[in-house]
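Residue-level structural notes
Each chain, letter by letter, is given below.
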Amino acid sequence: MPLKWSDVTPKPLSLNRRQLIAGAATLLASPALARIEAAPSKYSTDAEPNSLEDISTYNNFYEFGTGKGDPAAYAGGLTVDPWSVVIDGLVDKPGTYDLADVVKGQPLEERIYRFRCVEAWSMVVPWIGFQLSGLLERVGVQPGATFVAFETLLRPEEMPGQASPFIDWPYREGLRLDEAMHPLTILATGLYGEEMPKQNGAPIRLVVPWKYGFKSIKSIVRISLVDKMPLTTWNMLQPQEYGFYSNVNPKVDHPRWSQASERPLGGGLFAGRQDTLMFNGYEAEVASMYAGQDLAVDY
Ligand code: MTE
């Protein structure tokens, strides 16, 4: 019999019950979310997760507006079932896959990851997800593929922010193939043992913990295996500020602010800043992928 999420609740979560309950109250106000069973992961950090409330009320999801509270206020009307994902390009089995089929056979894990935004706030999120590599292996990556491109849903009727031309919709992101195949890279379908809140990118979003949060594209409808570096939304908007790589790097400043420190969310008004770690603390796992690259050029 598979373990229930409650059976495998890791220690940091049990220590954080009070915050969990505070967060659950927020979710109760939204439509019921189904619980997801997932095994704990060896890839989790030992940091204590933020409350569900912090994670689901302070968001960036410009399809619903640019304010941090807009996604929680306006994402409720997004239809996430049915949902399908087009997987195309240089793959053996291209097609339009129903979400259930995308997730089928992929071992779901709970992975507690640090998350750091380029705006210099950070939090710790207990995601539920599976390795992107598992899905890519299933559809068969062809030898010519070197990058993976992702697209978010384009549905202005349900995504009021898409009425604004400030972004050339749909929201797009990309990874180099080795980054996409890295075991830390997951497609997340939930958090805190529940289905993904809509404001966090339901029903399926990318999480790449050594990169700034904006690489973690939400509500994905297309995954394309390609042979050229794909366009990415933030690079299209502000190329001098947002490069393709977007690795968390305290040594390379954003042109308008330092990236050397961060403000952990939820610490209260007087909580201190903390030093930002190279690759967001995942240096041992990922630095070798960038050996020989000048990360001030490939920012
Ligand atoms: N994905 C889409 N489709 N649209 C967005 O505006 N914002 C990005 C990223 N993914 C964004 C997106 C940014 S800037 C951040 S910091 C993270 O989502 C925020 O994720 P969270 O709201 O789950 O914390």
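The structure contained in this document is the topic of the report that follows.

Conventions we followed
Residues numbered from 1 in each chain as written. Predicted model: local features only at pLDDT ≥ 70, side-chain atom pairs only at ≥ 80, totals over all residues. Heavy atoms only, no water. Core = buried A, V, L, I, M, F, W, Y, C linked by side-chain atoms within 4.5 Å. Buried < 20%, exposed > 50% of the residue type's maximum accessible area, 1.4 Å probe, protein only. Helix = DSSP H or I, 4+ residues; strand = E, 2+ residues; numbered from the N terminus. Contact = heavy atoms within 4.5 Å. Pairing = 2+ DSSP bridges. Axes fitted to C-alpha atoms, helices over the stretch in contact; angles between N-to-C directions. Near = heavy atom within 4 Å. Polar contact = N/O pair within 3.5 Å; in protein donor to acceptor, adjacent residues only side chain to side chain. Areas by Shrake-Rupley, 256 points an atom, 1.4 Å probe, with all protein chains shown as cover. 1 Å grid on protein atoms, 1.4 Å probe; cavity = no way out; pocket = protein on both sides within 12 Å on 5 of 7 lines; lining within 4 Å. Sits in = over half its atoms within 2 Å of the grid points. Nonpolar A, V, L, I, M, F, W, Y, C, P; charged D, E, K, R; others polar.

Let us look at the nonpolar core. Counting residues in each nonpolar core, the largest one holds 72 residues, and the members touching the most others are Trp127, Phe150, Leu187, Ile204, Leu206, Trp210 and Ile223. Here the element with the most residues in this core is strand β5 (residues 121-131); it accounts for five residues. Setting aside its immediate chain neighbours within four residues, Ile204 contacts Trp83, Val85, Leu99, Val102, Phe130, Leu187, Ala188, Thr189, Lys218, Ser219 and Ile220.

This part takes up the environment of Trp127. As for its placement among the helices and strands, Trp127 is situated in strand β5. Take Trp127: its relative accessible area is 1%, and that puts it in the buried class. On a C-alpha basis, the gap between Trp127 and Ile186 in space is 9.2 Å, while along the polypeptide they are 59 residues apart. Discounting residues that sit within four places of it in the chain, Trp127 has contacts with Glu109, Glu110, Arg111, Tyr113, Phe115, Ile186, Ala188, Gly190, Leu191, Met196, Arg205 and Val207.

On the basis of which strands lie adjacent, the open sheet formed by five strands has the order β3-β2-β11-β6-β7 and mixed pairing. Since the sheet does not close on itself, it has two edges, and those belong to β3 (95-98) and β7 (172-176), each with one partner. Across the sheet, the axes of successive neighbouring strands diverge by a mean angle of 20 degrees, strand direction being ignored. By the bridge criterion, five bridges tie strand β6 (residues 147-152) to β7 in an arrangement that is antiparallel. Bridging across to β7, Glu151 finds its partner in Arg172.

Attention now goes to the site of the ligand. The ligand sits among 17 residues. The nearest are Asn59, Tyr62, Glu63, Thr152 and Lys218. Here Asn60 contributes a backbone N or O atom positioned 3.3 Å from a nitrogen atom of the ligand. For the ligand, a nitrogen atom lies 2.8 Å from a polar atom in the side chain of Glu63. The fraction of the free accessible surface of the ligand (530 Å²) that becomes covered by protein chains is 98%. More than half of the atoms of the ligand fall within 2 Å of the grid points belonging to the second largest pocket. Counted by class, the shell around the ligand contains eight nonpolar, six polar and three charged residues.

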